[in-house]
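# Residue-level structural notes
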Amino acid sequence: MLKKVVLIVIGTISMLLGIIGVFLPVLPTTPLLLLTSYCYIKSSDRLSEKFMKTKIYDKYVRNFHEKGGMTLKGKLMLTIPVSLMLLIMFVKIDSNIMRMVIVIMWITKVVFFAKMKTIKEVTNV
């Protein structure tokens with residue numbers, strides 16, 4: 001029972017952070033929402049089903065969950081805005097330590113999306 005409660009709490013926190021990440025590109029939306037999906041699947045069928053019916057699941061998680069990857073368009077839509085924001089932060093900040101942190105964040109994001117399987121976008125004709 002305690003394990004289920006902990007997973008629900010972690011899933012809910014990661015979902016909230018993932019939703020914030022939609023508007024604040026520094027937070028990694030997709031990995032946080034994948035964590036939400038995992039926690040809900042392992043703890044509550046009801047929460048898992050509710051989460052899978054949301055628009056945020058459809059947009060950020062469904063392809064990854066069902067096909068193990070993202071479309072190239074999806075990867076670019078997540079990578080480019082974050083890269084631009086990190087570049088602006090890199091230019092504006094005078095601290096070399098913070099610049100290193102920004103570079104590490106950018107490299108991590110690029111490597112994550114580069115290693116992720118790229119799936120073809122299905123078009124309905």
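Please refer to the structure placed before this passage.
A short tour of the structure in this document, coming up. (Residues numbered from 1 in each chain as written. Predicted model: local features only at pLDDT ≥ 70, side-chain atom pairs only at ≥ 80, totals over all residues. Heavy atoms only, no water.)

## A few points about the overall build of the protein chain
Applied cut-off: A run of H or I in DSSP becomes a helix once it reaches four residues, and a run of E becomes a strand once it reaches two; helices and strands are each numbered from the N terminus. Under the scheme applied here, a residue whose accessible area is under 20% of the maximum for its type counts as buried, over 50% as exposed, and between as partly exposed, the area being computed with a 1.4 Å probe on protein chains only. It only takes one pair of heavy atoms within 4.5 Å for two residues to be counted as in contact. Working convention for charge: Lys and Arg count positive, Asp and Glu count negative, and His plus the chain ends are omitted. For charged residues, the charge sits on one atom: NZ in Lys, CZ in Arg, CG in Asp, CD in Glu.
When helices and strands are tallied, the protein chain shows seven helices and two strands. Ordered by position from N to C terminus, the α and β elements of the protein chain give α-α-α-α-α-β-α-α-β. Taken along its principal axes, the extent of the C-alpha atoms in the protein chain is 50 × 45 × 25 Å. The buried share among the 125 residues of the protein chain stands at 30%. A fraction of 60% describes how many contacts in the protein chain between residues 6 or more apart in sequence connect residues 24 or more apart. The protein chain carries 18 positive and 6 negative side-chain charges, and their two centres are separated by 3 Å.

## Let's talk about the packing of helix H6 (residues 72–92) against helix H7 (residues 96–115)
Filter applied, for reference: Whenever a helix is involved, its axis is fitted only over the stretch in contact; in every case the axis is a line through C-alpha atoms, and angles between N-to-C directions fall within 0 to 180 degrees. Note on angle classes: values under 35 degrees are labelled roughly parallel, values over 145 roughly antiparallel, values of 65 to 115 roughly perpendicular, and the remainder oblique. Three residue categories are used. Nonpolar comprises Ala, Val, Leu, Ile, Met, Phe, Trp, Tyr, Cys and Pro, charged comprises Asp, Glu, Lys and Arg, and polar comprises the others, including Gly.
Close contact between H6 and H7 brings their axes to 10 Å; oriented N to C, the two are set at 170°. Classed by the angle they form, the pair H6 and H7 counts as roughly antiparallel. On H7, the residues touching Lys-75, Leu-78, Thr-79, Val-82, Ser-83, Leu-86, Met-89, Phe-90 and Val-91 of H6 are Arg-99, Ile-102, Val-103, Met-105, Trp-106, Lys-109, Val-110, Phe-113 and Ala-114. Each residue belonging to the contact of H6 with H7 can be placed in one class, and the counts come to 13 nonpolar, two polar and three charged.

## Details of the side chain of Ser-48
Here Ser-48 shows up in helix H3 (residues 45–52). Since its relative accessible area comes to 9%, Ser-48 is described here as buried.

## Focus on the packing of aromatic side chains
Which entries qualify depends on this criterion: Aromatic rings from Phe, Tyr and Trp, with only the six-membered ring used for Trp, were paired whenever their centres fell within 6.5 Å, and each pair was classed as stacked if the ring planes differed by under 30 degrees, edge-to-face if by over 60, and tilted otherwise.
Throughout the structure, instances matching the rule amount to three aromatic pairs. Here Tyr-40 and Phe-51 contribute two aromatic rings whose centre-to-centre distance is 6.0 Å and whose plane-to-plane angle is 85°, an arrangement assigned as edge-to-face. Remark: Phe-51 occurs in helix H3 and Tyr-40 occurs in helix H2 (residues 29–43); sequence separation between them is eleven residues. The two residues Tyr-40 and Phe-51 agree in class, both being buried. Ring plane angle 75° and centroid distance 5.5 Å describe the contact between Phe-51 and Tyr-57, whose orientation is recorded as edge-to-face. For Phe-51, a relative accessible area of 2% gives the class buried. Cluster of aromatic residues (ring-pair linked, three or more members): Tyr-40, Phe-51 and Tyr-57.

The values are spatial; any link to function lies outside them.
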